[in-house]
Amino acid sequence: MKDIKIKDIINITGGKLILGNEEEICENFSNDTRNIKKGDTYIGLQGEKFDGSKFWKEAIKNGAKTIIVQNIDFTSEDLKELQNQSKSVIVVENTKVALQEIAKFKRNLYGDNFKLVGVTGSVGKTSTKDMIYSVVSQKYKTLKTEGNHNNDIGLPLTILKLQDHEAAVIEMGMNHFGEISLLTNIAKPTISVITNIGTSHIGNLGSRENILKAKLEILEGMKNPQIVINQDNDLLEKWAKEEHKGIKIYTYGIDNTSNVMAKNIELKENSSQFDCVCGKEEFKIKVPVGGIHFVYNAICAVSVGKILGLSNAEIAKGIESFSLTKKRMDITDLKNNVKVINDAYNASFESMQASLKILSSYKEYRKIAVLGDMFELGDYSADLHKKVGDEVVKNNIDILICLGENSKYIVEEAKKKGFNPNNLYYFSDKKEILDYLTKNVKEKDVILFKASNGMKFFEIANKYIENNQ
């Protein structure tokens, strides 16, 4: 374990030790008083609607040994009580910046040879991260990003969980230029992964080409860059053909010739299998989740496994034993042979397209798509929602249910492309959707819930599941 002492935090942050012993070790860090455990270090982060530093008393009450805060004037009574409890108090100028600097220090303690895989991309970051983790952990004690804690707070908190790990798989998200740059310079990946370049956040960045530039910021934190990319993505394929001195590029794909390829793919409702071809080697891979995009995730994980020296058997076992983060293609079987696919965590055109393809694979079922708005698309919003309507028709969905201001374009385009108007519903609130499903779902129906997280479609999915188990 690589220890961080209070004196290190003072040196890193330029903070001031108000109380406590500078030799004290800070092992576990938290920004949530509800999850504080005895002996933890609490960091009071300032949000848009609250100031975490003001909750320092609650953190102490719940067991925090050390607190890192900003803009707090402690009374003499406060300090006396804290001293009596042998607590440590550090005051910094900006707690978020302090968190990031402490995480950077922690990462540096593990050196350049520590195996850290940084994962970014427009779609599939979390599921790819989960699959890479499942592979890498077959050989190494591995830390991974929990859920989607992939931003300027979640990533440093994840890095601070490093203890006796031999590897880490870290997800990096972004909405604007400069955000991946910040994250990669904290995490310092030894291997980077870009899953694809799509349309997520195109409203902020203006074009897919700009999205590519923003994703490629991941290289900035790498000493000896080696990057794994999806060769079937048009912009990544084009980028890989250009000259990149000092960057080692590994490719995976199905359609375009790549270092790692999937051949003889057999797709089923809840699983798939294929022959994985790596140069002259060929071995069978089984994926415990349906959908072609999980085949891509698998060959990406194979690529990382190969770089890290795992055997074919270890790689295959890792993929076969992988499990999804909740709310991402979370499939629940209900009574009367009804299935619910809760993929409501987030949405872009590419992920909508992938989810509808999965829904269409349920050949023996009546297919119901409950779709909502995709966010952060800017001037592209109407066109991309229309493209979703087209995908609904292409995938032979039986019933379409929509909610949201921009989802009207899904409805309009589906109708225009010949979708049966008697099976098309545009509701004004979630209760209407739940009421419709409650009254009309029947045996052998499969229901997909998909929208950007802000639409909170997972609430409808969870409520429907709760009422029908």
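Scope of this entry: the structure provided in the associated data block. If you're wondering where the values come from, they're calculated on a predicted model, not measured in any experiment.

Turning our eyes to something else, we now look at the overall build of the protein. Scanning the protein from N- to C-terminus turns up 17 helices and 20 strands. Looking at the protein residue by residue over its 469 residues, the buried ones come to 55%. Summarising the internal contacts of the protein: among those between residues at least 6 apart in sequence, 66% fall at separations of at least 24. Taken as two groups, the 65 positive and 63 negative side-chain charges of the protein have centres that lie 2 Å from each other.

The subject of this paragraph is the sheet that holds strand β4 (residues 66-69). Pairing is mixed across the open sheet formed by 5 strands, whose spatial order is β1-β5-β4-β3-β2. Only two strands of the sheet have a single partner each, and these edge strands are β1 (16-19) and β2 (29-30). Relative to strand β5 (residues 88-91), β4 runs parallel, the two being bridged by 4 bridges. Looking across to β5, one finds that Thr66 is bridged to Ser88.

This part is about the pairing of strand β11 (residues 248-253). With 5 bridges joining them, strand β10 (residues 226-230) and β11 adopt parallel strand pairing. Looking at β11, one finds that Asn230 is bridged to Tyr252. For the segment spanning β10, helix α10 (residues 234-241) and β11, crossover handedness is right-handed. Across 2 bridges, β11 lies against strand β12 (residues 260-267) in parallel orientation. The residue of β12 that forms the bridge with Gly253 is Met261.

Here the focus is the pattern of salt bridges. Scanning all chains against the criterion turns up 25 salt bridges. Between Lys5 and Glu23 there is a salt bridge; the shortest N-O distance is 3.1 Å. Remark: Glu23 occurs in the loop between β1 and β2 and Lys5 occurs in the segment before α1 (6-13); sequence separation between them is 18 residues. Lys241 is paired through a salt bridge with Glu237; the nearest N and O atoms lie 3.7 Å apart. Linking Lys241 with Glu237, this pair stays in helix α10, spanning 4 residues, or about one helical turn. What you see here is one network of salt bridges that share partners, running through Asp390, Glu391, Lys394, Glu413 and Lys417.

On inspection of all chains with the given rule, the structure shows 7 aromatic pairs. Lying across the ring of Phe349, Lys387 places its NZ or CZ 4.5 Å from the centre.

Between the first and last C-alpha of helix α11 (residues 292-307) there are 23 Å, a value that for 16 residues agrees with the 22 Å anticipated at 1.5 Å per step. For α11, the set of buried residues is Phe294, Val295, Tyr296, Asn297, Ala298, Ile299, Cys300, Ala301, Val302, Ser303, Val304 and Gly305. Remark: Gly309 follows α11 within two positions and exhibits a positive phi of approximately 80°.

Our focus in this paragraph is unusual backbone geometry. Not every positive phi belongs to a glycine, and Glu376 is a case in point at roughly 60°. For Glu376, the position within the fold is in the loop between β17 (366-372) and α14 (381-394). Notably, Lys456 is not glycine yet its phi reads approximately 55°, a positive angle. Along the polypeptide, Lys456 turns up in the loop between β20 (445-450) and α17 (457-468).

To continue, consider the sheet that holds strand β18 (residues 399-403). An order of β15-β16-β20-β17-β18-β19 is seen for the 6 strands of this open sheet, with the pairing classed as mixed. Each of the sheet's edge strands pairs with one partner strand only, and the pair in question is β15 (330-334) and β19 (424-427). The average undirected angle you get between the axes of adjacent strands in this sheet is 15°. Across 6 bridges, the pairing between β17 and β20 is parallel. Residue pairing across strands places Arg366 opposite Asp445, the latter belonging to β20. Taken strand by strand, helix α13 (residues 349-360) contacts β16 (338-342), β17 and β20, and its axis lies near 165° from that of β17.

On to the side chain of Ser207, then. Among the structural elements, Ser207 can be located in the loop between α8 (202-205) and α9 (208-215). Residues contacting Ser207, with those up to four places away along its chain left out, are Ile202 and Tyr380.

Moving on: the pairing of strand β9 (residues 191-194). Residues Ile191 and Val193 of β9 are buried on one face, and the alternating residues Ser192 and Ile194, pointing to the opposite face, are buried as well. In the sheet, strand β6 (residues 115-120) pairs with β9 via 4 bridges, with the strands oriented parallel. When the bridges of β9 are listed, Val119 appears paired with Val193. Here β9 pairs with β10 via 3 bridges, running parallel. Within β10, the position partnered with Ser192 by the bridge is Ile227.

A word on the nonpolar core. One finds Ile132, Ile285, Leu371 and Leu400 to be the most contacted residues of the largest nonpolar core, which totals 113 residues. For this core, the element with the highest residue contribution is α11, accounting for 9 residues. The residues contacting Ile132, other than those within four sequence positions of it, are Val117, Val119, Val169, Val193, Cys300, Ala301 and Val304. Residues Leu437, Ile447, Phe458 and Ile465 belong to the second largest nonpolar core, which totals 25 residues.

Rules used in this analysis
Residues numbered from 1 in each chain as written. Predicted model: local features only at pLDDT ≥ 70, side-chain atom pairs only at ≥ 80, totals over all residues. Heavy atoms only, no water. Helix = DSSP H or I, 4+ residues; strand = E, 2+ residues; numbered from the N terminus. Buried < 20%, exposed > 50% of the residue type's maximum accessible area, 1.4 Å probe, protein only. Contact = heavy atoms within 4.5 Å. Lys, Arg positive; Asp, Glu negative; His and termini not counted. Charge placed at Lys NZ, Arg CZ, Asp CG, Glu CD. Pairing = 2+ DSSP bridges. Right-handed = clockwise from strand over helix to strand, strands pointing away. Salt bridge = Lys/Arg side-chain N within 4 Å of Asp/Glu carboxyl O. Phe/Tyr/Trp six-rings, centres within 6.5 Å; stacked < 30°, edge-to-face > 60°. Lys NZ or Arg CZ within 6 Å of the ring centre and 35° of its normal. Expected span 1.5 Å × (residues − 1). Axes fitted to C-alpha atoms, helices over the stretch in contact; angles between N-to-C directions. Core = buried A, V, L, I, M, F, W, Y, C linked by side-chain atoms within 4.5 Å.

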